[in-house]
Amino acid sequence: MASASAWCSTARQLPLRLTAGTFFLSSGISKLGADEATAQGLHQFATMTYPFLGKQDARRFVRLLAAGELAIAAALLVPVVPAAVAGAALTAFSVGTLGLYLRTPGMRQEGGLRPTEQGIALAKDVWLLGMGVSLIAEGAHDHR
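About the criteria used
Residues numbered from 1 in each chain as written. Predicted model: local features only at pLDDT ≥ 70, side-chain atom pairs only at ≥ 80, totals over all residues. Heavy atoms only, no water. Helix = DSSP H or I, 4+ residues; strand = E, 2+ residues; numbered from the N terminus. Expected span 1.5 Å × (residues − 1). Buried < 20%, exposed > 50% of the residue type's maximum accessible area, 1.4 Å probe, protein only. Arc of directions from axis to C-beta. Contact = heavy atoms within 4.5 Å. pLDDT = per-residue confidence, 0-100. Axes fitted to C-alpha atoms, helices over the stretch in contact; angles between N-to-C directions. Parallel < 35°, antiparallel > 145°, perpendicular 65-115°, else oblique. Nonpolar A, V, L, I, M, F, W, Y, C, P; charged D, E, K, R; others polar. Phe/Tyr/Trp six-rings, centres within 6.5 Å; stacked < 30°, edge-to-face > 60°. Salt bridge = Lys/Arg side-chain N within 4 Å of Asp/Glu carboxyl O.

(A) Up close: helix 2 (residues 36–49). Taking 1.5 Å of rise per residue, the 14 residues of helix 2 would be expected to cover 20 Å, and the 21 Å separating its terminal C-alpha atoms lies within 8% of that figure. Taken together, the buried positions of helix 2 are occupied by Ala39, His43, Ala46, Thr47 and Thr49. In a view along the axis of helix 2, the buried residues occupy a sector of 155°, so they form one face of it. Exposed side chains of helix 2 directed beyond 90 degrees from the buried face belong to Ala37, Gln44 and Met48. The elements touched by buried residues of helix 2 are helix 3 (58–77) and helix 4 (83–103).

(B) Seen up close, the confidence of the model for the protein chain. When pLDDT is averaged across the protein chain, the result is 90; 91% of the residues are at 70 or more. In the model of the protein chain, helix 1 (residues 4–32) stands out as the element of lowest mean pLDDT, 83, in contrast to helix 3, which has the highest, 97. Low pLDDT, under 50, characterises residues 1–8; the stretch is placed with 0 contacts to residues that sit more than four places away or in other chains.

(C) Inspection of the packing of helix 2 against helix 4 at higher detail. At a closest axis distance of 9 Å, the pairing of helix 2 and helix 4 adopts a crossing angle of 75°. One way to sum up the angle between helix 2 and helix 4 is to call them roughly perpendicular. Every residue of helix 4 that contacts helix 2 at Phe45, Ala46 and Thr49 is listed here: Gly99, Leu100 and Arg103. Tallied by class, residues from the contact of helix 2 with helix 4 come to 3 nonpolar, 2 polar and 1 charged.

(D) Expanded view of the packing of aromatic side chains. Applying the stated rule across the entire model yields 3 aromatic pairs. For the pair Phe23 and Phe24, a centre-to-centre distance of 5.8 Å together with 85° between the ring planes defines the contact as edge-to-face. Judged by its relative accessible area of 1%, Phe24 is buried. Ring pairing ties together the aromatic residues Phe23, Phe24 and Phe93, which thus form one cluster.

(E) Region of the structure containing the pattern of salt bridges. Scanning all chains against the criterion turns up 4 salt bridges. Notably, a salt bridge pairs Glu69 with Lys31, separated by 3.2 Å at the nearest N-O pair. Of this pair, Glu69 sits in helix 3 while Lys31 is found in helix 1, placing the two residues 38 residues apart along the sequence. On the basis of relative accessible area, Lys31 is assigned to the buried category, the value being 16%. Of the charged contacts in the structure, one is a salt bridge between Glu36 and Arg59, with a shortest N-O distance of 3.5 Å.

Set out below in structure tokens:
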């Protein structure tokens, strides 16, 4: 039987895990059905910041991106996955998207970190980073 402190810890994680998990589930499912133009657009956008992705076929890139998002969704939504593991997956993904935000021209206003209208979609991933780090911290605390 789980201890009361383990149950409380899981209850504290629930809002973070459900919110981020359902977001990733929806995003991953939508990418599974991406048409050629969508795949090309996503691939081109990613390769501007991460040139090594240019070696990948656009359709394969989007399928792998969808699979990654669905794996993160599963890690967040399946309660037996430790918080630190789910948090590490969420943190890694958000660091990648924040890299797009920071390194892609036109995402930020001149001379600062404030997003342009085009950059808002990526700038919001700072919340995902915060959620991921919170889950890692929670998992490290629970492990002690």
